[in-house]
Amino acid sequence: MPETRRLLPALHTRSEPVSRERLTERGFDRAMERMLSMQPEDIIAEVKASGIKGRGGAAFPTGIKWAGVHAAAGGTRYVVMNADESELGTFKDRVLLEQDPLGALVGVLIAAHAVRARKAYCYIRGEYREVEQRLAAALTILAECGWVGPDAVDVEIRRGAGAYIAGEETALLNSIEGKRAEPRVKPPFPTNHGLWGAPTLIQNVETMANVAVLFAHDVQWFKECGTPETPGTKLIGLSGYVRHPGVYEVPFGYPMTNIIHDEDLGGGLSGSERLRAILLGGAAGTFMAPEEVEASLLDYGSLSRYGASIGSGALMVFDDTVDLTWVLKKLARFFADESCGQCVPCRIGTRRILELLDQEGLKTRAEDLRELALAMRDASICGLGQTAPVALLSILDRPERQGA
Amino acid sequence: MADEVTLTIDGMSVAVPRGSTVRAACEAALVSIPTLCWHSNLEPANACRACVVEVKGSRALVASCSRVAEEGMDVQTASDRVRNSRKVVAELLLSTSDADLAPDLLHLAEISGADKNRFAGGATWQQPVKDDNSLYIRDLSKCILCYRCVEACGEDAQNTFAISVAGRGFNAHIDAGFGRELPESDCVFCGNCVAVCPTGALIGKTEWTLRQNGQWDEDRISQTETICSYCGVGCELNLHVLENRIVKVNSPMDHPVTHGMLCVKGRYGYEFAQAGE
């Protein structure tokens, strides 16, 4: 049972994605009623017990983050759902919000009650206009139920304006405040000092959806799939040289190679049918060699042996006709375009990496590239600059993988 | 003591008042930390990353200019990662910007062993000098985007908000709004941005003109302290005098009235003192 549809509605789901019937069919009305009968401390204890980790990339334990916001000083609190999905090869939040927008929003409402927030924001990628409309319609349904509104939790949708950096949590907060989407220095973390200086809980769409299905069931059910370290499922955006690209929901601990080859998942390699590498985690991710893919499970511990992480769940597959240097140039172009320009290592470093790769510097300037990449990873302000050179470093560490 | 924290810097234990930054703690431990964007009278911008240090338990390096010192912190100021980062920061800035009038950047390059040619040869910030007003010049080929001018124009001093950063990535730049020239912008020509600029990208027009003509000679410039004669606030002025003519006016950054900041009259309204009639 590799495709485990929990966050994504089961294929036999009959109700419309935005409807009262969907709330019932997915158990979200039950989740809301159960949650509303609980004290915030008990809600947080249940999230902690479930072992949910943040699905935006950092995999921070969700319950601990909630407890942090709950314990933070200050009367006004905010909840933010990060739907500014912009990572290359990542399209899972879009699919999730198209197929089941009520789930993520119920997660937002549970989070708001847990941290005593009266106001929540959904920050959605500007290009996702149709998804945004669906989200707005779903909010209307929840308002009719009395769960959203000025007397419950006020939920506002904010649209991004096309900057990848606005998906970085603190840049996103600046953007909501009407400022330039530049990352803030951490600490202080948003849990203590977020929107307008108030304690703020910010979570990825997929994390919120996990919370909703948890409360529609219970901790024991939630932990029935996944691993003891990482219970639950992960949405994987599979693209590149596979027969069936798309978004798949897979339990943690599942073999990486099966994600590519299982008939009801990737369906096997396409193209030359010989694997050169995968890029896991998107533009900010890591290249993995075929034998590393073969030896890895979809879990943080297993992948960290190869310096890899699941990140947003983007899995790009390259056959042996693909020149990875060409891929690296594409990634370098992306980061040079998307750096906000605030700090020196990222602002100038992303440009220099692009220039050096264009001059075939991977062969002639490998040491200069490595020192530049390390300085960006070590000294940039935010996750964008720190991870922009990660794919490059993973190739520099695997010199035999460079050739076409 | 309750109002102090004790931390370790390069193996040395040092106690500093609670709320001090790691940079200040390093200073207290007599460990020199290079800085470019940090300024004593401005909020840390965290932009240049020259001041990064390694803090045990922190994955990325930490900007010491803004990070508040915590009890028990273990700080390394000269680890391999720190030294590589400082060197690369200096090399990247030297590859884009003209550092002739940037002593802090030249100092960083020297102590980090930077090779100014290593990342040179690509895109630069070379651009024409902006000479659109009679008080100061913007030679943005020298700009390192340290944000000091933006902060001085904004909340940290002037509260005029005439300039900000526009564009992104390598094209990020200081802009007076919609690419306007300064006289059409909200600028009030206080020159506080000029006072805090660490690279000569913003420079008084008199000084710039003298430098262009090879007539600016620090050794022959004398400084005279006085109080501004325009109003009753009592701003202290430092008159820079060359050949019996005032060529530049600033105010000490540690002066309790000005904190180094002046208005357009105090900074630029000195011609009456040397008018012929």
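Quick caveat: nothing in here was measured; it's all calculated off a predicted structure.

Asker: Go over the domain arrangement of chain A, please, and point to the residues and values.
Answerer: Residues and elements named next belong to chain A. Split by domain assignment, chain A resolves into domain 1 (20-222), domain 2 (233-319) and domain 3 (324-401). In this structure, domain 1 and domain 3 have C-alpha centres spaced 32 Å apart. Domain 1 puts twelve residues into the contact, and the matching count from domain 3 is nine residues. Here domain 1 and domain 3 share an interface that buries about 890 Å² over both sides, 71% of which is from carbon and sulfur atoms. Three residues stand out in domain 1 for area buried against domain 3, namely Leu-88, Tyr-164 and Pro-183, and they jointly supply 54% of the buried area on that side. Run the count over domain 1 and domain 3 and you get zero salt bridges. Where domain 1 packs against domain 3, one counts two residue pairs in polar contact (both at pLDDT 80 or more). The residue makeup of the side of domain 1 that touches domain 3, split by class, is six nonpolar, two polar and four charged.

Asker: Explain the sheet that holds strand 5 (residues 233-240) of chain A to me, and be specific about the residues and the numbers.
Answerer: Residue and element names in this part refer to chain A. With mixed pairing, the five strands of this open sheet are ordered in space as 6-5-9-7-8. Of all strands in the sheet, those with a lone pairing partner are strand 6 (246-251) and strand 8 (286-288), marking the two edges. In this sheet, adjacent strand axes meet at a mean angle of 30° when their direction is disregarded. Taken together, the three bridges between strand 7 (residues 275-280) and strand 8 define a ladder with antiparallel strand orientation.

Asker: How would you sum up empty space enclosed by the protein? Please name residues and give values.
Answerer: All names here are of chain B. Using the criterion set out here, one finds four cavities of 30 Å³ or more in the structure. Counted as a void, the largest cavity has a volume near 160 Å³. Around the largest cavity, the lining comprises 19 residues; the ones closest to its centre are Leu-140, Cys-143, Cys-149, Ile-174 and Leu-202. Every element with two or more residues in the lining of the largest cavity is listed here: strand 6 (136-138) and helix 4 (148-153). Within the lining of the largest cavity, the residues separate by chemical class into 16 nonpolar, one polar and two charged.

Asker: An account of the interface of chain B and chain A is needed here, citing residue identities and associated values.
Answerer: The interface is formed by 37 residues belonging to chain B together with 35 residues belonging to chain A. Of the roughly 2800 Å² buried between chain B and chain A, counting both surfaces, carbon and sulfur atoms make up 51%. The interface formed by chain B and chain A includes five salt bridges. Here Glu-371 of chain A makes a salt bridge to Lys-87 of chain B, at a shortest N to O gap of 3.8 Å. In this structure, the connection of chain B to chain A is made through 20 residue pairs in polar contact (both at pLDDT 80 or more).

Asker: Outline the layout of surface pockets, supporting the account with residue identities and numerical values.
Answerer: Considered as a void within the structure, the second largest pocket measures approximately 1400 Å³ in volume. Every residue lining the second largest pocket is counted, 38 residues in all, and those nearest its centre are Asn-174 and Lys-179 of chain A together with Pro-44, Glu-151 and Glu-155 of chain B. Elements with a contribution of two residues or more to the lining of the second largest pocket: helix 8 (169-176) of chain A together with helix 4 and strand 7 (164-166) of chain B. Looking at the lining of the second largest pocket residue by residue, the class counts come to 17 nonpolar, ten polar and eleven charged.

Asker: Run through the packing of helix 3 (residues 40-50) of chain A against helix 6 (residues 101-115) of chain A, naming residues and quoting values.
Answerer: Residue and element names in this part refer to chain A. Packing of helix 3 against helix 6 brings their axes to within 7 Å, and their N-to-C directions diverge by 125°. Considered as vectors, helix 3 and helix 6 are oriented oblique to each other. The two elements helix 3 and helix 6 meet at a crossing, and its hand is left-handed. Here Pro-40, Ile-43 and Ile-44 of helix 3 come into contact with helix 6, specifically with Ile-110, His-113 and Ala-114. Its residues assigned to classes, the contact of helix 3 with helix 6 comprises five nonpolar, one polar and no charged.

Asker: Could you give an account of the nonpolar core, naming the residues involved and the relevant values?
Answerer: In terms of nonpolar packing, the biggest core is built from 99 residues, with Phe-287, Leu-328 and Leu-392 of chain A together with Leu-105 and Tyr-136 of chain B touching the most fellow members. Element by element, the count of residues in this core is highest for helix 14 (residues 324-338) of chain A, at eight residues. If we ignore the near neighbours within four places in the chain, the residues touching Leu-105 of chain B are Leu-36, Ala-90, Leu-93, Leu-94, Ala-99 and Ile-144 of chain B. Among the nonpolar cores identified, the runner-up in size contains 60 residues, and Trp-66, Ala-111, Val-115 and Val-213 of chain A belong to it.

Asker: Just give me the short version of the side chain of Ser-141 of chain B, but keep the residues and values in it.
Answerer: All names here are of chain B. Within the element layout of this structure, Ser-141 appears in the loop between strand 6 and helix 4. Under the relative-accessibility criterion, Ser-141 is labelled buried at 5%. The residues touching Ser-141, leaving out its near neighbours within four places in the chain, are Thr-96, Ser-97, Asp-98, Trp-125, Gln-126 and Gln-127.

Asker: Can you explain the pairing of strand 12 (residues 245-250) of chain B? Please cite residues and give values.
Answerer: Residue and element names in this part refer to chain B. By the bridge criterion, five bridges tie strand 11 (residues 236-242) to strand 12 in an arrangement that is antiparallel. Bridged to Val-241 within strand 12 is Ile-246. Between the end of strand 11 and the start of strand 12, which pair antiparallel, lie two residues, with Glu-243 showing a positive phi angle near 50°.

Cut-off values and rules
Residues numbered from 1 in each chain as written. Chains lettered and ligands numbered in written order. Predicted model: local features only at pLDDT ≥ 70, side-chain atom pairs only at ≥ 80, totals over all residues. Heavy atoms only, no water. Domains from an automatic or database assignment. Contact = heavy atoms within 4.5 Å. Buried area = accessible area lost by both parts, 1.4 Å probe. Salt bridge = Lys/Arg side-chain N within 4 Å of Asp/Glu carboxyl O. Polar contact = N/O pair within 3.5 Å; in protein donor to acceptor, adjacent residues only side chain to side chain. Nonpolar A, V, L, I, M, F, W, Y, C, P; charged D, E, K, R; others polar. Pairing = 2+ DSSP bridges. Helix = DSSP H or I, 4+ residues; strand = E, 2+ residues; numbered from the N terminus. Axes fitted to C-alpha atoms, helices over the stretch in contact; angles between N-to-C directions. 1 Å grid on protein atoms, 1.4 Å probe; cavity = no way out; pocket = protein on both sides within 12 Å on 5 of 7 lines; lining within 4 Å. Points joined across faces, edges and corners; volume = space filled by probe spheres on them. Parallel < 35°, antiparallel > 145°, perpendicular 65-115°, else oblique. Left-handed = near helix turned anticlockwise from the far one by under 90°. Core = buried A, V, L, I, M, F, W, Y, C linked by side-chain atoms within 4.5 Å. Buried < 20%, exposed > 50% of the residue type's maximum accessible area, 1.4 Å probe, protein only.

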